[in-house]
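Results of the structural survey
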Amino acid sequence: MAMVCLSDFEAYAKKYLPKIAWDFFAAGADDCSTRDENILAYRRIRFRPRVLRDVSMMDIRTKLLGTEISFPVGIAPTGFHQLAWPDGEKSTARAAKAMNTCYIASTYSTCTLQEISTAAPGGLRWFQLYIHRNREVSQQLVQQAEDLGFQGLVLTVDLPYTGKRRDDVRNGFRLPPHMKLKNLEGAFGVCRTSPYGLPPNSLDPSVTWNDIYWLRSLTHLPIILKGILTKEDAELAARHGVQGIIVSNHGGRQLDGGPATVDALVEVVEAVQGRVEVYLDGGIRKGSDVLKALALGAKCVFIGRPALWGLAYKGEEGLQDVLRILQDEFRLSMALAG
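Remember, predicted model here, so these are calculated numbers, not experimental data. (Residues numbered from 1 in each chain as written. Predicted model: local features only at pLDDT ≥ 70, side-chain atom pairs only at ≥ 80, totals over all residues. Heavy atoms only, no water.)

**Observations concerning the overall build of the protein**
Across its full length, the protein carries twelve helices and ten strands. A compact globule built from 338 residues would reach a C-alpha radius of gyration of about 20 Å, and the protein, at 19 Å, matches this within 12%. Taken along the three principal axes of its C-alpha coordinates, the protein extends 65 × 50 × 40 Å. Within the protein, contacts between residues separated by at least 24 positions form 72% of all contacts whose residues are at least 6 apart in sequence. About 14700 Å² of surface is accessible on the protein, with carbon and sulfur atoms providing 52% of the total. Across the protein, the centroid of the 40 positively charged side chains sits 2 Å from that of the 37 negatively charged ones. (Helix = DSSP H or I, 4+ residues; strand = E, 2+ residues; numbered from the N terminus. Rg over C-alpha atoms; globule rule 2.2 N^0.38 Å. Contact = heavy atoms within 4.5 Å. Areas by Shrake-Rupley, 256 points an atom, 1.4 Å probe, with all protein chains shown as cover. Lys, Arg positive; Asp, Glu negative; His and termini not counted. Charge placed at Lys NZ, Arg CZ, Asp CG, Glu CD.)

Pasting the structure below:
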């Protein structure tokens, strides 16, 4: 079967992944209306193409906080990559390096930060952090990431508690016994009865804007906040001195009924007035979606589920295929839009 677009990888993953793994990756919160809206919102946006512009030469490179990447699509943080491919996050890191783009490794990886770093030395990687009640655990992870050469710290701010994902509840989702949250081994008691391998309520729901200062005291890495959807929070982020914002609703997995990320993008961009780099995730399925997000002010987009579909298809090679398709479609969309 020829893999022509991202939908082909989605269909393959749905067919061949175990149902419990597919449902975990696909899940949205409650009715999944925000998850679905992330995609539908792009269909409502229309280009105003210009013609007779010389598009024989195009430069699709961009920079993330000063570091060049080959095109404005990175890999968003998602957990449990070994559910999609045996080598898990090591394959993800290698694919990102091969395509010269940014990979944001999740706290909830099934490979250690050391393994991810060793798999693709010299690749551009950021580390995504959840703050746990045991602050020492978070502090150690931040310092480990910095020591291993990760170049940015992405704090997820929209998960004081885990959203209700109905299929995970119906399936009784648990990590398989041979898989572990490698970065948190030994940090908490092993909890096989909890869906995500951690004790219930291990995340800290008391995190506030003041904790940005605490994080800043731990690291020299630039701080990027993931999960901003309003101009008010964008303004607060800028005021607290962060270097980047990822406009994100957690792939529609947290609060159902919030805005699609591309709909929230404009007010965030207008609020920060260039003080902070603005990125976006959620709903990117075509190169033209990337162009729409950039036209509305995003510096770069990040893909979550499509990266997992690529892994499910053929590991590192499959993920490179996904990125290459997006790259080619983005270049073509740029040319056709003038």
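**Considerations on the UniProt feature "binding site: glyoxylate" (unreviewed entry) in the protein**
When the UniProt feature table is mapped onto this chain, "binding site: glyoxylate" (unreviewed entry) is found at R165, H250 and R253. Across 89 residues of sequence, these annotated residues stay compact in space, with a maximum C-alpha separation of 12.2 Å. Within the secondary structure, R165 is located in the loop between β6 (152-156) and α7 (166-171). Here R253 takes part through its backbone oxygen, which lies 3.1 Å from a polar atom of the side chain of R165. Counting through the fold element by element, H250 comes out in the loop between β8 (244-247) and α10 (261-272). Classification of H250 as buried rests on a relative accessible area of 11%. Here the side chain of H250 touches D158 through a polar contact of 2.9 Å, side chain to side chain. (UniProt positions renumbered as here; feature names shortened; annotations may be inferred. Polar contact = N/O pair within 3.5 Å; in protein donor to acceptor, adjacent residues only side chain to side chain. Buried < 20%, exposed > 50% of the residue type's maximum accessible area, 1.4 Å probe, protein only.)

**Observations regarding helix α2 (residues 19-26)**
Burial within α2 is extensive, with six of its eight residues counted as buried. What α2 keeps buried is the set A21, W22, D23, F24, F25 and A26. Residues of α2 that are buried sit in contact with α1 (6-16), α3 (33-44), α7 and α12 (305-337).

**Considerations on the packing of helix α11 (residues 287-295) against α12**
At a closest axis distance of 7 Å, the pairing of α11 and α12 adopts a crossing angle of 60°. Comparing their axes, α12 and α11 come out oblique. Between α11 and α12 lies a crossing whose hand is right-handed. Taken together, the residues of α12 that come into contact with α11 (itself represented by G287, S288, V290, L291 and L294) are L326, E329, F330, S333, M334 and A337. (Axes fitted to C-alpha atoms, helices over the stretch in contact; angles between N-to-C directions. Parallel < 35°, antiparallel > 145°, perpendicular 65-115°, else oblique. Left-handed = near helix turned anticlockwise from the far one by under 90°.)

**Observations regarding the pattern of salt bridges**
Side chains that differ in sign of charge can pair as their charged atoms come close. Using the criterion set out here, one finds 21 salt bridges in the structure. One salt bridge connects D87 with K90, and the closest N-O pair in it is separated by 3.9 Å. Beyond isolated ion pairs, a larger network of salt bridges with shared partners links D87, K90, R94 and E316. (Salt bridge = Lys/Arg side-chain N within 4 Å of Asp/Glu carboxyl O.)

**Regarding α10**
Helix length check: α10 (twelve residues) gives 16 Å between terminal C-alpha atoms against 16 Å at 1.5 Å per residue, within 8%. Summarising the contacts, the buried residues of α10 are in contact with α3, β7 (223-228), α9 (231-239), β8, β9 (277-281) and α11. Of the residues one or two after α10, Q273 is the one with positive phi, at around 50°. (Expected span 1.5 Å × (residues − 1).)

**Re unusual backbone geometry**
Of note, D30 is a non-glycine position whose phi angle comes to about 50°, a positive value. Residue placement: D30 occurs in the loop between α2 and α3. Phi is positive for L65, which is not a glycine, with a value near 50°. Here L65 is to be found in the loop between β1 (62-64) and β2 (67-69). Residue L65 is classed as partly exposed on the basis of its relative accessible area of 28%.

**Concerning the packing of aromatic side chains**
Applying the stated criterion across every chain yields a total of twelve aromatic pairs. Each ring, one from F80 and one from F173, has its centre 6.3 Å from the other, and the planes form 20°; the classification is stacked. Placement of the pair is F80 in the loop between β3 (73-75) and α4 (89-98) and F173 in the loop between α7 and α8 (210-218), with a sequence separation of 93 residues. Using a relative accessible area of 2% as the deciding quantity, one classes F80 as buried. (Phe/Tyr/Trp six-rings, centres within 6.5 Å; stacked < 30°, edge-to-face > 60°.)

**A closer look at the nonpolar core**
In a soluble, globular protein the nonpolar side chains are often hidden away together inside. Judged by nonpolar contacts, the single largest core of 96 residues is most densely connected at F80, L83, L129, I245 and L280. Counting residues per element, this core draws most heavily on α12, which supplies 13 residues. Not counting residues within four places of it along the chain, the set of residues in contact with L83 comprises L17, A21, F24, F25, F173, L175, P176 and M179. C102, I104, I224 and C300 belong to the second largest nonpolar core, which has 13 residues in total. (Core = buried A, V, L, I, M, F, W, Y, C linked by side-chain atoms within 4.5 Å.)

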